Amino acid sequence: MNRADTLSTRRPAKAWERYWFGEAALVRLGAFRIVMLLAALLAAEQQRMSVFQHADEIEQGLLARVWDPIYAFQLLGVEPMNGHAARIVWAALWVSCWTGILGIFTRASCAVAAATMFLWIGTSYSFGKPHHDCVPLMFGLLALPLAPVGARLSIDAAWARLRRTKRGENPADAPDRAPWAALPWRVTQVTVVIGYFFSGASKLAIGGVQWANGYTLQGTMLEFNSPWTATFTRSVFLCQWMSIGLLFVQATFPLVFASKKLRWFYVPMAVLFHVFSWQTMETGPFMTLWLTLASFVELDKVPAFVERHVARGAVLLRAAWASLFVGAAAFVVLLYMHLLHHPFEWLIVPLVAAIVTGLWPRSTLDVVYDGGCGICRTTIALFKSLDWSRRLVIVDLNRWEDVRAKHTRLDQAECVRDLHAVTAGGTVVVGYDAYRAISARIPLLFWFAPLMALPPVRQVGRRIYRRVADNRATTACAVSKR
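Figured I'd write up the structure that's included with this text. (Residues numbered from 1 in each chain as written. Predicted model: local features only at pLDDT ≥ 70, side-chain atom pairs only at ≥ 80, totals over all residues. Heavy atoms only, no water.)

## Comments concerning the nonpolar core
Part 1 of the argument: Residues Met-117, Trp-120 and Leu-141 are the most contacted members of the largest nonpolar core, which totals 42 residues.
Part 2 of the argument: At the level of secondary structure, the elements contributing two or more residues to this core comprise helix H2 (26-59), helix H4 (83-102), helix H5 (106-126) and helix H6 (135-143).
Part 3 of the argument: Top contributing element to this core by residue count: H2, with 14 residues.
Part 4 of the argument: In this structure, Trp-120 is in contact with Ala-44, Gln-47, Arg-48, Val-51, Phe-52, Met-81, Ala-86, Val-89, Trp-90 and Leu-93, ignoring residues within four places of it in sequence.
Part 5 of the argument: Among the nonpolar cores identified, the runner-up in size contains 21 residues, and Val-367, Cys-376, Phe-383 and Leu-419 belong to it. (Core = buried A, V, L, I, M, F, W, Y, C linked by side-chain atoms within 4.5 Å. Buried < 20%, exposed > 50% of the residue type's maximum accessible area, 1.4 Å probe, protein only. Helix = DSSP H or I, 4+ residues; strand = E, 2+ residues; numbered from the N terminus. Contact = heavy atoms within 4.5 Å.)

## Thoughts on a nonpolar patch on the surface
Part 1 of the argument: Together, Trp-447, Phe-448, Leu-451, Leu-454 and Val-457 make up an exposed nonpolar region whose accessible area comes to about 430 Å².
Part 2 of the argument: Structurally, the position occupied by Leu-451 is in helix H22 (residues 448-453).
Part 3 of the argument: Using a relative accessible area of 44% as the deciding quantity, one classes Leu-451 as partly exposed. (Patch = residues over 30% accessible without salt bridge, like charges linked within 9 Å, V, L, I, M, F, W, Y side chains within 5 Å. Areas by Shrake-Rupley, 256 points an atom, 1.4 Å probe, with all protein chains shown as cover. Salt bridge = Lys/Arg side-chain N within 4 Å of Asp/Glu carboxyl O.)

## Overview of the packing of aromatic side chains
Part 1 of the argument: Throughout the structure, instances matching the rule amount to 18 aromatic pairs.
Part 2 of the argument: Ring geometry for Phe-52 against Trp-90: centres 5.9 Å apart, planes inclined by 65°, an arrangement best described as edge-to-face. Separated by 38 residues along the polypeptide, Phe-52 in helix H2 and Trp-90 in helix H4 bring together distant segments of the chain.
Part 3 of the argument: Measuring from centroid to centroid gives 5.5 Å for Trp-90 and Trp-94, while their planes differ by 50°, and the two rings are tilted. In this pair, Trp-90 and Trp-94 are both assigned in helix H4, four residues apart and thus about one turn of the helix distant.
Part 4 of the argument: Take Trp-90: its relative accessible area is 16%, and that puts it in the buried class.
Part 5 of the argument: Through a chain of ring-to-ring contacts, the aromatic side chains of Tyr-196, Phe-253, Phe-257, Phe-265, Tyr-266 and Phe-296 assemble into a single cluster.
Part 6 of the argument: The ring of Trp-185 has Arg-28 lying over it, and the distance from NZ or CZ to the ring centre is 4.0 Å. (Phe/Tyr/Trp six-rings, centres within 6.5 Å; stacked < 30°, edge-to-face > 60°. Lys NZ or Arg CZ within 6 Å of the ring centre and 35° of its normal.)

## Points about the environment of Thr-231
Part 1 of the argument: Structurally, Thr-231 can be placed in helix H10 (residues 229-233).
Part 2 of the argument: With relative accessibility at 48%, the residue Thr-231 sits in the partly exposed group.
Part 3 of the argument: Each C-alpha atom of the pair Thr-231 and Thr-280 lies 9.0 Å from the other, and the pair is 49 residues apart in sequence.

## What about the sheet that holds strand E6 (residues 428-430)?
Part 1 of the argument: Ordered in space as E4-E3-E5-E6, the four strands form an open sheet in which the pairing is mixed. Looking at the sheet topology across the chains shown, the edges are occupied by strand E4 (392-396) and E6. Strand-to-strand twist in this sheet, taken as the mean axis angle between neighbours without regard to direction, amounts to 25°.
Part 2 of the argument: The pairing of strand E3 (residues 365-369) with E4 spans five bridges and is parallel. Opposite Tyr-369, over in E4, you have Asp-396 as the bridge partner. (Pairing = 2+ DSSP bridges. Axes fitted to C-alpha atoms, helices over the stretch in contact; angles between N-to-C directions.)

See below:
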(Lines give C-alpha, C1' and ligand atoms only; values in the text may rest on other atoms or scores of the structure.)
Protein backbone atom coordinates (compact mmCIF):
# COMPACT_ATOMS: atom_id res chain seq x y z
CA MET A 1 0.00 0.00 0.00
CA ASN A 2 1.48 3.37 -1.04
CA ARG A 3 1.40 6.60 0.96
CA ALA A 4 -1.66 7.98 -0.87
CA ASP A 5 -3.68 4.85 -0.10
CA THR A 6 -2.60 5.00 3.54
CA LEU A 7 -3.71 8.64 3.85
CA SER A 8 -7.05 7.95 2.15
CA THR A 9 -7.65 5.10 4.61
CA ARG A 10 -6.74 7.17 7.63
CA ARG A 11 -8.98 10.12 6.80
CA PRO A 12 -12.32 8.25 7.09
CA ALA A 13 -11.03 6.56 10.23
CA LYS A 14 -10.09 9.92 11.75
CA ALA A 15 -13.45 11.42 10.79
CA TRP A 16 -15.24 8.42 12.32
CA GLU A 17 -13.18 8.79 15.51
CA ARG A 18 -13.91 12.53 15.71
CA TYR A 19 -17.61 11.89 15.19
CA TRP A 20 -17.86 9.60 18.21
CA PHE A 21 -15.02 10.77 20.46
CA GLY A 22 -14.08 14.26 19.29
CA GLU A 23 -14.52 17.47 21.24
CA ALA A 24 -18.06 18.75 21.78
CA ALA A 25 -19.93 21.31 23.87
CA LEU A 26 -19.94 20.53 27.59
CA VAL A 27 -23.02 22.66 28.29
CA ARG A 28 -24.97 20.59 25.78
CA LEU A 29 -23.73 17.42 27.47
CA GLY A 30 -24.74 18.73 30.90
CA ALA A 31 -28.23 19.63 29.69
CA PHE A 32 -28.56 16.28 27.94
CA ARG A 33 -27.52 14.49 31.14
CA ILE A 34 -30.31 16.20 33.07
CA VAL A 35 -32.90 15.39 30.37
CA MET A 36 -31.90 11.72 30.24
CA LEU A 37 -31.94 11.25 34.01
CA LEU A 38 -35.34 12.94 34.27
CA ALA A 39 -36.55 10.57 31.55
CA ALA A 40 -35.13 7.67 33.55
CA LEU A 41 -37.08 8.75 36.64
CA LEU A 42 -40.25 9.02 34.59
CA ALA A 43 -39.78 5.59 33.01
CA ALA A 44 -38.96 3.99 36.36
CA GLU A 45 -42.08 5.51 37.92
CA GLN A 46 -44.23 4.17 35.07
CA GLN A 47 -42.90 0.63 35.66
CA ARG A 48 -42.82 0.83 39.47
CA MET A 49 -46.03 -1.04 40.34
CA SER A 50 -45.37 -3.76 37.76
CA VAL A 51 -41.90 -4.55 39.10
CA PHE A 52 -42.90 -4.44 42.77
CA GLN A 53 -45.95 -6.62 42.17
CA HIS A 54 -44.00 -9.37 40.43
CA ALA A 55 -41.10 -9.11 42.89
CA ASP A 56 -43.49 -9.62 45.82
CA GLU A 57 -45.11 -12.58 44.06
CA ILE A 58 -41.69 -14.19 43.62
CA GLU A 59 -41.04 -13.71 47.33
CA GLN A 60 -44.35 -15.47 48.09
CA GLY A 61 -43.61 -18.30 45.69
CA LEU A 62 -46.18 -17.10 43.17
CA LEU A 63 -45.87 -15.80 39.62
CA ALA A 64 -48.62 -14.02 37.74
CA ARG A 65 -46.65 -14.44 34.51
CA VAL A 66 -43.85 -16.68 33.36
CA TRP A 67 -40.40 -15.15 33.74
CA ASP A 68 -39.22 -14.65 30.15
CA PRO A 69 -35.93 -12.75 30.42
CA ILE A 70 -34.90 -10.33 27.71
CA TYR A 71 -31.87 -11.33 25.65
CA ALA A 72 -29.45 -9.19 27.65
CA PHE A 73 -30.60 -10.84 30.87
CA GLN A 74 -30.13 -14.25 29.27
CA LEU A 75 -26.56 -13.41 28.32
CA LEU A 76 -25.74 -12.06 31.79
CA GLY A 77 -27.69 -14.71 33.68
CA VAL A 78 -29.85 -12.17 35.52
CA GLU A 79 -32.51 -13.76 37.71
CA PRO A 80 -35.78 -12.11 38.85
CA MET A 81 -35.56 -9.89 41.95
CA ASN A 82 -37.49 -10.58 45.12
CA GLY A 83 -39.34 -7.81 46.95
CA HIS A 84 -36.39 -6.87 49.18
CA ALA A 85 -33.94 -6.65 46.27
CA ALA A 86 -36.43 -4.65 44.21
CA ARG A 87 -36.73 -2.03 46.93
CA ILE A 88 -32.96 -1.74 47.23
CA VAL A 89 -32.64 -1.27 43.47
CA TRP A 90 -35.47 1.29 43.52
CA ALA A 91 -33.78 3.33 46.26
CA ALA A 92 -30.41 3.19 44.48
CA LEU A 93 -32.05 4.21 41.20
CA TRP A 94 -33.75 7.27 42.69
CA VAL A 95 -30.75 8.43 44.69
CA SER A 96 -28.34 8.03 41.76
CA CYS A 97 -30.69 9.77 39.31
CA TRP A 98 -31.14 12.78 41.59
CA THR A 99 -27.45 13.05 42.46
CA GLY A 100 -26.72 12.78 38.73
CA ILE A 101 -29.25 15.53 37.92
CA LEU A 102 -27.74 17.79 40.57
CA GLY A 103 -24.24 16.81 39.47
CA ILE A 104 -22.88 15.28 42.67
CA PHE A 105 -20.18 12.68 41.94
CA THR A 106 -21.71 12.92 38.50
CA ARG A 107 -19.96 10.12 36.64
CA ALA A 108 -20.41 7.62 39.45
CA SER A 109 -24.04 8.65 39.86
CA CYS A 110 -24.70 8.21 36.14
CA ALA A 111 -23.04 4.78 36.20
CA VAL A 112 -25.21 3.61 39.11
CA ALA A 113 -28.32 5.12 37.50
CA ALA A 114 -27.59 3.27 34.24
CA ALA A 115 -27.00 -0.06 36.00
CA THR A 116 -30.08 0.14 38.22
CA MET A 117 -32.25 1.40 35.35
CA PHE A 118 -31.10 -1.57 33.27
CA LEU A 119 -32.19 -3.93 36.04
CA TRP A 120 -35.47 -2.11 36.60
CA ILE A 121 -36.68 -1.78 33.01
CA GLY A 122 -35.22 -5.16 32.03
CA THR A 123 -37.13 -6.82 34.87
CA SER A 124 -40.37 -5.14 33.82
CA TYR A 125 -39.88 -6.21 30.20
CA SER A 126 -39.00 -9.77 31.25
CA PHE A 127 -42.38 -10.15 32.96
CA GLY A 128 -44.42 -8.95 30.00
CA LYS A 129 -44.32 -7.68 26.45
CA PRO A 130 -41.23 -5.52 25.99
CA HIS A 131 -41.68 -2.07 24.49
CA HIS A 132 -39.30 0.04 22.44
CA ASP A 133 -39.83 3.39 24.16
CA CYS A 134 -37.04 2.86 26.72
CA VAL A 135 -34.44 1.33 24.38
CA PRO A 136 -32.81 4.63 23.22
CA LEU A 137 -33.00 5.89 26.80
CA MET A 138 -31.17 2.83 28.07
CA PHE A 139 -28.36 3.05 25.52
CA GLY A 140 -27.97 6.78 26.20
CA LEU A 141 -27.78 6.18 29.96
CA LEU A 142 -25.11 3.51 29.50
CA ALA A 143 -23.02 5.96 27.46
CA LEU A 144 -23.29 8.85 29.95
CA PRO A 145 -20.57 7.67 32.40
CA LEU A 146 -18.09 7.41 29.52
CA ALA A 147 -18.27 11.16 28.91
CA PRO A 148 -17.25 14.14 31.11
CA VAL A 149 -20.88 14.57 32.20
CA GLY A 150 -20.10 16.63 35.30
CA ALA A 151 -17.91 19.24 33.62
CA ARG A 152 -20.76 21.77 33.33
CA LEU A 153 -24.23 22.36 34.85
CA SER A 154 -23.39 20.41 37.98
CA ILE A 155 -22.36 20.84 41.59
CA ASP A 156 -19.14 19.06 40.66
CA ALA A 157 -18.48 21.80 38.09
CA ALA A 158 -19.14 24.48 40.71
CA TRP A 159 -16.63 22.91 43.07
CA ALA A 160 -14.10 22.57 40.24
CA ARG A 161 -14.59 26.25 39.42
CA LEU A 162 -14.01 27.16 43.07
CA ARG A 163 -10.80 25.11 43.14
CA ARG A 164 -9.57 26.84 39.99
CA THR A 165 -10.49 30.19 41.50
CA LYS A 166 -8.45 29.44 44.63
CA ARG A 167 -5.49 28.64 42.38
CA GLY A 168 -5.75 32.16 40.97
CA GLU A 169 -7.65 31.47 37.75
CA ASN A 170 -10.44 33.67 36.45
CA PRO A 171 -13.70 32.68 38.24
CA ALA A 172 -15.70 33.47 35.12
CA ASP A 173 -13.77 30.92 33.05
CA ALA A 174 -15.00 27.34 32.59
CA PRO A 175 -14.23 24.61 30.06
CA ASP A 176 -16.43 24.80 26.96
CA ARG A 177 -15.50 21.64 25.04
CA ALA A 178 -13.91 18.28 25.74
CA PRO A 179 -13.26 14.94 24.01
CA TRP A 180 -15.91 12.21 24.33
CA ALA A 181 -18.58 14.80 25.21
CA ALA A 182 -20.70 13.92 22.15
CA LEU A 183 -20.71 10.14 22.72
CA PRO A 184 -23.94 9.92 24.82
CA TRP A 185 -26.11 11.85 22.38
CA ARG A 186 -24.52 10.17 19.35
CA VAL A 187 -25.37 6.73 20.78
CA THR A 188 -28.89 7.89 21.59
CA GLN A 189 -29.38 9.35 18.12
CA VAL A 190 -28.34 6.13 16.41
CA THR A 191 -30.61 4.05 18.62
CA VAL A 192 -33.59 6.36 17.99
CA VAL A 193 -33.01 6.25 14.22
CA ILE A 194 -32.74 2.44 14.21
CA GLY A 195 -36.02 2.20 16.13
CA TYR A 196 -37.99 4.45 13.78
CA PHE A 197 -36.43 3.00 10.63
CA PHE A 198 -37.15 -0.62 11.45
CA SER A 199 -40.65 0.27 12.62
CA GLY A 200 -41.39 1.64 9.13
CA ALA A 201 -39.37 -1.01 7.30
CA SER A 202 -41.16 -3.86 9.09
CA LYS A 203 -44.56 -2.46 8.07
CA LEU A 204 -43.43 -2.42 4.45
CA ALA A 205 -41.79 -5.84 4.67
CA ILE A 206 -44.85 -7.52 6.22
CA GLY A 207 -47.77 -5.60 4.73
CA GLY A 208 -46.16 -4.05 1.68
CA VAL A 209 -47.41 -0.76 0.29
CA GLN A 210 -50.95 -2.04 0.91
CA TRP A 211 -50.36 -1.22 4.59
CA ALA A 212 -51.01 2.40 3.57
CA ASN A 213 -54.46 1.68 2.12
CA GLY A 214 -56.09 3.53 5.02
CA TYR A 215 -58.16 0.60 6.19
CA THR A 216 -55.31 -0.89 8.23
CA LEU A 217 -54.81 2.28 10.26
CA GLN A 218 -58.56 2.86 10.48
CA GLY A 219 -59.13 -0.65 11.87
CA THR A 220 -56.35 -0.23 14.42
CA MET A 221 -57.81 3.07 15.64
CA LEU A 222 -61.33 1.63 15.92
CA GLU A 223 -60.09 -0.91 18.47
CA PHE A 224 -59.72 1.95 20.93
CA ASN A 225 -62.03 4.63 22.24
CA SER A 226 -59.66 7.60 22.46
CA PRO A 227 -60.53 11.31 22.28
CA TRP A 228 -59.61 11.71 18.60
CA THR A 229 -60.53 8.24 17.31
CA ALA A 230 -63.98 9.12 15.93
CA THR A 231 -62.67 12.26 14.20
CA PHE A 232 -59.99 10.49 12.16
CA THR A 233 -61.73 7.17 11.46
CA ARG A 234 -64.62 8.81 9.62
CA SER A 235 -62.51 9.23 6.50
CA VAL A 236 -60.58 6.37 4.88
CA PHE A 237 -58.91 8.94 2.65
CA LEU A 238 -57.55 10.80 5.70
CA CYS A 239 -56.33 7.54 7.24
CA GLN A 240 -54.65 6.69 3.95
CA TRP A 241 -52.69 9.92 3.87
CA MET A 242 -51.79 9.54 7.53
CA SER A 243 -50.51 6.02 6.77
CA ILE A 244 -48.42 7.26 3.86
CA GLY A 245 -46.95 10.05 5.99
CA LEU A 246 -46.17 7.65 8.82
CA LEU A 247 -44.40 5.17 6.55
CA PHE A 248 -42.42 7.94 4.86
CA VAL A 249 -41.23 9.51 8.13
CA GLN A 250 -40.30 6.23 9.75
CA ALA A 251 -38.61 4.62 6.74
CA THR A 252 -36.61 7.75 5.85
CA PHE A 253 -35.78 8.82 9.41
CA PRO A 254 -32.03 8.06 8.91
CA LEU A 255 -31.92 11.20 6.74
CA VAL A 256 -31.62 13.21 9.97
CA PHE A 257 -27.91 12.41 9.72
CA ALA A 258 -27.69 13.79 6.17
CA SER A 259 -28.37 17.39 7.19
CA LYS A 260 -29.09 19.24 10.41
CA LYS A 261 -31.78 21.20 8.58
CA LEU A 262 -33.76 17.99 8.06
CA ARG A 263 -34.09 17.66 11.83
CA TRP A 264 -36.52 20.57 11.68
CA PHE A 265 -38.83 18.18 9.82
CA TYR A 266 -38.17 14.75 11.33
CA VAL A 267 -38.04 15.60 15.04
CA PRO A 268 -41.36 17.55 15.08
CA MET A 269 -42.95 14.84 12.89
CA ALA A 270 -41.87 12.17 15.38
CA VAL A 271 -43.46 14.14 18.22
CA LEU A 272 -46.60 14.67 16.14
CA PHE A 273 -46.80 10.95 15.42
CA HIS A 274 -46.69 10.12 19.14
CA VAL A 275 -49.33 12.76 19.92
CA PHE A 276 -51.70 11.29 17.33
CA SER A 277 -51.07 7.68 18.37
CA TRP A 278 -51.61 8.67 22.00
CA GLN A 279 -54.92 10.39 21.29
CA THR A 280 -56.25 7.87 18.75
CA MET A 281 -54.90 4.50 19.92
CA GLU A 282 -54.22 4.93 23.66
CA THR A 283 -50.55 4.08 23.25
CA GLY A 284 -49.61 6.53 26.00
CA PRO A 285 -47.50 9.63 25.43
CA PHE A 286 -44.20 7.74 24.95
CA MET A 287 -42.65 10.57 26.94
CA THR A 288 -39.35 8.78 27.44
CA LEU A 289 -38.95 8.46 23.68
CA TRP A 290 -39.86 12.14 23.24
CA LEU A 291 -37.15 13.13 25.68
CA THR A 292 -34.51 11.09 23.84
CA LEU A 293 -35.31 13.21 20.75
CA ALA A 294 -33.47 15.95 22.65
CA SER A 295 -30.32 14.21 21.41
CA PHE A 296 -30.94 15.88 18.03
CA VAL A 297 -31.22 19.36 19.58
CA GLU A 298 -28.17 21.52 20.31
CA LEU A 299 -29.46 22.29 23.79
CA ASP A 300 -26.67 24.74 24.59
CA LYS A 301 -27.75 26.97 21.69
CA VAL A 302 -31.47 27.01 22.41
CA PRO A 303 -31.48 30.18 24.60
CA ALA A 304 -29.52 32.20 22.04
CA PHE A 305 -31.66 30.84 19.21
CA VAL A 306 -34.91 31.82 20.91
CA GLU A 307 -33.59 35.25 21.89
CA ARG A 308 -32.35 35.91 18.35
CA HIS A 309 -35.69 35.11 16.74
CA VAL A 310 -37.85 36.86 19.32
CA ALA A 311 -35.77 39.99 19.90
CA ARG A 312 -34.59 40.74 16.36
CA GLY A 313 -35.94 40.97 12.82
CA ALA A 314 -39.29 41.98 11.38
CA VAL A 315 -42.13 42.48 13.85
CA LEU A 316 -44.49 39.96 12.22
CA LEU A 317 -41.77 37.32 12.01
CA ARG A 318 -40.81 37.89 15.64
CA ALA A 319 -44.47 37.59 16.65
CA ALA A 320 -44.78 34.32 14.73
CA TRP A 321 -41.68 32.88 16.37
CA ALA A 322 -42.82 34.07 19.79
CA SER A 323 -46.22 32.42 19.30
CA LEU A 324 -44.53 29.18 18.27
CA PHE A 325 -42.20 29.19 21.28
CA VAL A 326 -44.98 30.07 23.72
CA GLY A 327 -47.23 27.37 22.29
CA ALA A 328 -44.51 24.74 22.47
CA ALA A 329 -43.61 25.75 26.02
CA ALA A 330 -47.27 25.67 27.09
CA PHE A 331 -47.68 22.20 25.58
CA VAL A 332 -44.60 20.91 27.41
CA VAL A 333 -45.73 22.43 30.72
CA LEU A 334 -49.24 20.97 30.40
CA LEU A 335 -47.86 17.57 29.50
CA TYR A 336 -45.44 17.77 32.41
CA MET A 337 -48.27 18.61 34.81
CA HIS A 338 -50.36 15.77 33.37
CA LEU A 339 -47.67 13.11 33.74
CA LEU A 340 -46.02 14.20 36.97
CA HIS A 341 -47.90 15.14 40.09
CA HIS A 342 -47.52 17.40 43.09
CA PRO A 343 -44.07 16.38 44.44
CA PHE A 344 -42.51 17.18 41.06
CA GLU A 345 -44.42 20.22 39.89
CA TRP A 346 -42.13 22.73 41.60
CA LEU A 347 -39.16 21.43 39.58
CA ILE A 348 -40.35 23.28 36.49
CA VAL A 349 -40.19 26.69 38.23
CA PRO A 350 -36.39 27.20 37.87
CA LEU A 351 -36.59 26.10 34.23
CA VAL A 352 -39.36 28.60 33.48
CA ALA A 353 -37.37 31.29 35.30
CA ALA A 354 -34.30 30.47 33.19
CA ILE A 355 -36.31 30.72 29.97
CA VAL A 356 -38.02 33.99 30.93
CA THR A 357 -34.74 35.54 32.06
CA GLY A 358 -33.00 34.38 28.90
CA LEU A 359 -35.71 35.89 26.69
CA TRP A 360 -35.67 39.23 28.49
CA PRO A 361 -33.33 41.26 26.26
CA ARG A 362 -32.49 43.84 28.94
CA SER A 363 -31.80 41.32 31.70
CA THR A 364 -28.03 41.32 31.17
CA LEU A 365 -26.04 42.61 34.12
CA ASP A 366 -22.41 43.76 34.20
CA VAL A 367 -20.93 42.75 37.55
CA VAL A 368 -17.80 44.70 38.52
CA TYR A 369 -15.94 42.75 41.19
CA ASP A 370 -12.57 42.85 42.92
CA GLY A 371 -10.41 40.21 41.26
CA GLY A 372 -7.81 40.56 44.00
CA CYS A 373 -10.23 39.45 46.73
CA GLY A 374 -10.58 35.78 47.60
CA ILE A 375 -14.12 36.17 48.94
CA CYS A 376 -15.19 38.10 45.84
CA ARG A 377 -13.64 35.55 43.50
CA THR A 378 -15.37 32.67 45.29
CA THR A 379 -18.72 34.47 45.20
CA ILE A 380 -18.42 35.25 41.50
CA ALA A 381 -17.45 31.63 40.78
CA LEU A 382 -20.63 30.43 42.50
CA PHE A 383 -22.79 32.95 40.66
CA LYS A 384 -21.36 31.98 37.28
CA SER A 385 -21.97 28.30 38.04
CA LEU A 386 -25.67 29.07 38.56
CA ASP A 387 -26.00 31.53 35.66
CA TRP A 388 -27.96 29.18 33.38
CA SER A 389 -29.37 32.01 31.27
CA ARG A 390 -25.93 33.59 30.80
CA ARG A 391 -27.11 37.00 31.88
CA LEU A 392 -24.08 37.95 34.01
CA VAL A 393 -21.11 39.69 32.40
CA ILE A 394 -18.21 39.54 34.85
CA VAL A 395 -15.78 42.48 34.84
CA ASP A 396 -12.61 42.59 36.96
CA LEU A 397 -11.90 46.09 38.33
CA ASN A 398 -8.18 45.32 38.24
CA ARG A 399 -8.51 45.96 34.51
CA TRP A 400 -9.78 49.44 35.23
CA GLU A 401 -9.13 50.84 31.78
CA ASP A 402 -11.60 48.32 30.33
CA VAL A 403 -14.14 49.09 33.08
CA ARG A 404 -13.88 52.85 32.57
CA ALA A 405 -14.19 52.51 28.78
CA LYS A 406 -17.51 50.72 29.20
CA HIS A 407 -18.90 52.46 32.29
CA THR A 408 -17.60 56.01 32.57
CA ARG A 409 -19.80 56.83 35.59
CA LEU A 410 -18.12 54.31 37.89
CA ASP A 411 -15.54 55.39 40.45
CA GLN A 412 -12.62 53.04 41.06
CA ALA A 413 -12.41 53.67 44.81
CA GLU A 414 -16.11 52.95 45.25
CA CYS A 415 -15.82 49.76 43.19
CA VAL A 416 -12.96 48.61 45.42
CA ARG A 417 -15.11 49.23 48.48
CA ASP A 418 -18.36 47.63 47.20
CA LEU A 419 -19.63 45.25 44.57
CA HIS A 420 -21.16 47.15 41.64
CA ALA A 421 -23.63 45.94 39.02
CA VAL A 422 -24.78 47.84 35.95
CA THR A 423 -28.03 46.96 34.18
CA ALA A 424 -28.55 47.03 30.41
CA GLY A 425 -30.34 50.36 30.89
CA GLY A 426 -27.31 51.87 32.65
CA THR A 427 -28.68 51.78 36.21
CA VAL A 428 -25.95 51.22 38.80
CA VAL A 429 -26.73 49.14 41.90
CA VAL A 430 -24.23 48.78 44.71
CA GLY A 431 -23.48 46.36 47.55
CA TYR A 432 -26.46 44.48 48.93
CA ASP A 433 -28.69 45.75 46.11
CA ALA A 434 -26.19 44.42 43.57
CA TYR A 435 -26.54 40.96 45.13
CA ARG A 436 -30.31 41.30 44.89
CA ALA A 437 -30.05 42.23 41.20
CA ILE A 438 -27.82 39.22 40.58
CA SER A 439 -30.22 36.88 42.39
CA ALA A 440 -33.10 38.09 40.21
CA ARG A 441 -31.22 36.81 37.15
CA ILE A 442 -30.24 33.39 38.50
CA PRO A 443 -32.98 30.74 38.12
CA LEU A 444 -32.27 28.92 41.39
CA LEU A 445 -32.09 32.17 43.39
CA PHE A 446 -34.67 34.39 41.71
CA TRP A 447 -37.33 33.86 44.39
CA PHE A 448 -34.94 35.38 46.96
CA ALA A 449 -34.87 38.71 45.09
CA PRO A 450 -38.39 39.83 46.19
CA LEU A 451 -37.71 38.68 49.75
CA MET A 452 -34.46 40.63 49.80
CA ALA A 453 -36.44 43.80 48.97
CA LEU A 454 -38.75 43.52 51.98
CA PRO A 455 -38.07 46.22 54.63
CA PRO A 456 -36.93 43.98 57.53
CA VAL A 457 -34.82 41.68 55.33
CA ARG A 458 -33.31 44.57 53.42
CA GLN A 459 -32.13 46.41 56.55
CA VAL A 460 -30.62 43.29 58.11
CA GLY A 461 -29.07 42.25 54.80
CA ARG A 462 -27.39 45.61 54.31
CA ARG A 463 -25.89 45.51 57.79
CA ILE A 464 -24.53 42.01 57.24
CA TYR A 465 -23.16 42.99 53.85
CA ARG A 466 -21.53 46.11 55.26
CA ARG A 467 -19.80 44.14 58.02
CA VAL A 468 -18.50 41.49 55.62
CA ALA A 469 -17.40 44.05 53.03
CA ASP A 470 -15.56 46.20 55.59
CA ASN A 471 -13.90 43.14 57.08
CA ARG A 472 -12.84 42.11 53.58
CA ALA A 473 -11.20 45.49 53.06
CA THR A 474 -9.35 45.44 56.39
CA THR A 475 -7.87 42.01 55.66
CA ALA A 476 -6.00 43.46 52.69
CA CYS A 477 -8.27 41.63 50.32
CA ALA A 478 -8.98 44.70 48.24
CA VAL A 479 -6.65 45.76 45.48
CA SER A 480 -4.81 49.03 45.66
CA LYS A 481 -5.68 51.92 43.42
CA ARG A 482 -3.87 52.24 40.19
